[in-house]
Amino acid sequence: IPIMHGCNNFCTYCIVPYVRGRELSRPVEEILKEIDVLSGYGVREITLLGQNVNSYNSDGDNFASLLKKIADRIKETKSSIGWVRFMSSHPKDLSDEVIKVISEEEVLCHHIHLPVQHGSTKVLKEMNRRYTREDYIALVEKIRKAIPDVSLTTDLMMGFPGETEEDVEDTLSLMKTIKYENAFMYYYNLRDGTPAATYENQIPVEVKKERLQRVIDLQLEITTEQMKKRVGNTVKVLCESVSRDSEDELLGKTQQDERVAFKADKKFIGSFVTVKIDSLNGNTFRGTML
Ligand code: SF4
């Protein structure tokens, strides 16, 4: 469900504010009505979308109050919707109120996609992200304190103009500090019409690729390490499809957006079930339905 359009941030590599214009939030009532319609169809999970959902602002409602109203509506109407997600979240605008409402409302998934883009404060400044590496780490500490089982994912962009080896090391060390469950990783691509496209210190593509590969290799290790910690846990799973490996198995996902395979009848597809995680196979958990 789109809750807002446009962006006011002007990150120096991004074309969005120029092509989609300034932020415009949809009224709360319109969003709630759309949720009612989706509930009528038996929808189980929704994702609230916006370039920066944290700066949602409509008629006195901010993102935290919107989330609370959505959670209340889902409870009042005994809606089919069991999980609510959102993206994307600009770190500079993720408020204490939003963290609090996620920790209190069961329907809000304990998964936050929090794009950091880079681990070097110098590069973040040149990107005009308006937070430092230290601000970001402090925010993550606050989130993890309030929501201990939260899963954090991010976006990482390597090869921004002027990036040095030291900046790359800063990114690798940030990843080791935060230990993201997963990341969307890519290298900087010049976009005509953006300030960064005019910077003279562009990085050669081969160097960008090599730096990106180091980031990907590290994230794969961290993802496995983080997933191994969840083995033995009992989790709520949304059953999505029959597994490709066996007709007797279903594939589902956890609130933290991890894949789980387990023996179960097809009739459970579209339902929430409880699964004990027994092991990890590649990037998919294997479990037992309870
Ligand atoms: Fe806005 Fe995201 Fe683009 Fe930055 S990267 S200008 S926050 S859409």
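Analysis parameters
- Residues numbered from 1 in each chain as written.
- Predicted model: local features only at pLDDT ≥ 70, side-chain atom pairs only at ≥ 80, totals over all residues.
- Heavy atoms only, no water.
- Helix = DSSP H or I, 4+ residues; strand = E, 2+ residues; numbered from the N terminus.
- Rg over C-alpha atoms; globule rule 2.2 N^0.38 Å.
- Areas by Shrake-Rupley, 256 points an atom, 1.4 Å probe, with all protein chains shown as cover.
- Lys, Arg positive; Asp, Glu negative; His and termini not counted.
- Charge placed at Lys NZ, Arg CZ, Asp CG, Glu CD.
- Buried < 20%, exposed > 50% of the residue type's maximum accessible area, 1.4 Å probe, protein only.
- Pairing = 2+ DSSP bridges.
- Salt bridge = Lys/Arg side-chain N within 4 Å of Asp/Glu carboxyl O.
- Axes fitted to C-alpha atoms, helices over the stretch in contact; angles between N-to-C directions.

Caption draft 1: Just the overall build of the chain, in detail. Broken down by element type, the chain carries 8 helices and 14 strands. Here the C-alpha radius of gyration of the chain, 20 Å, is about what a compact globule of 290 residues would show, namely 19 Å. Roughly 13,800 Å² of accessible area belongs to the chain as shown, and the carbon and sulfur atoms make up 51% of that amount. Separation of charge centres in the chain, based on 40 positive and 45 negative side chains, amounts to 2 Å.

Caption draft 2: Seen up close, the pairing of strand E3 (residues 45–49). Residues Ile 46 and Leu 48 point to one face of E3 and are all buried, whereas Glu 45, Thr 47 and Leu 49, pointing to the other face, are not buried. Pairing of E3 with strand E6 (residues 83–87), which is carried by 5 bridges, proceeds in the parallel orientation. Following the sheet pairing, Leu 48 is matched in E6 by Phe 86.

Caption draft 3: Highlighting the pattern of salt bridges. Here the structure, examined in full by the defined rule, presents 26 salt bridges. Salt-bridge contacts for Arg 26 lead to Glu 30; the nearest nitrogen and oxygen are separated by 2.9 Å. According to the relative accessible area criterion, Arg 26 is buried, its value standing at 13%. Taking relative accessible area as the criterion, Glu 30 reaches 40% and is therefore assigned partly exposed. Of the charged contacts in the structure, one is a salt bridge between Lys 122 and Asp 167, with a shortest N-O distance of 2.6 Å. Residue Lys 122 is located in helix H5 (residues 121–126), and its partner Asp 167 is located in helix H7 (residues 165–178); the two are separated by 45 residues in the primary sequence. Residue classification places Lys 122 among the partly exposed residues on the basis of a relative accessible area of 36%. Assessed through its relative accessible area of 4%, Asp 167 is described here as buried. One salt-bridge network, held together by shared partners, links Glu 163, Glu 165, Glu 169, Glu 210, Arg 211 and Arg 214.

Caption draft 4: Inspection of the sheet that holds strand E10 (residues 234–242) at higher detail. If you walk around this closed barrel you meet the 5 strands as E10-E11-E12-E14-E13, and the pairing is mixed. Taking the axes of each pair of neighbouring strands and ignoring which way they run, one obtains an average angle of 50° across the sheet. Here strand E12 (residues 259–263) pairs with strand E14 (residues 284–289) via 4 bridges, running parallel. Along E14, the bridge assignment pairs Phe 262 with Gly 287.

Keep in mind these numbers describe shape, not what the thing actually does.
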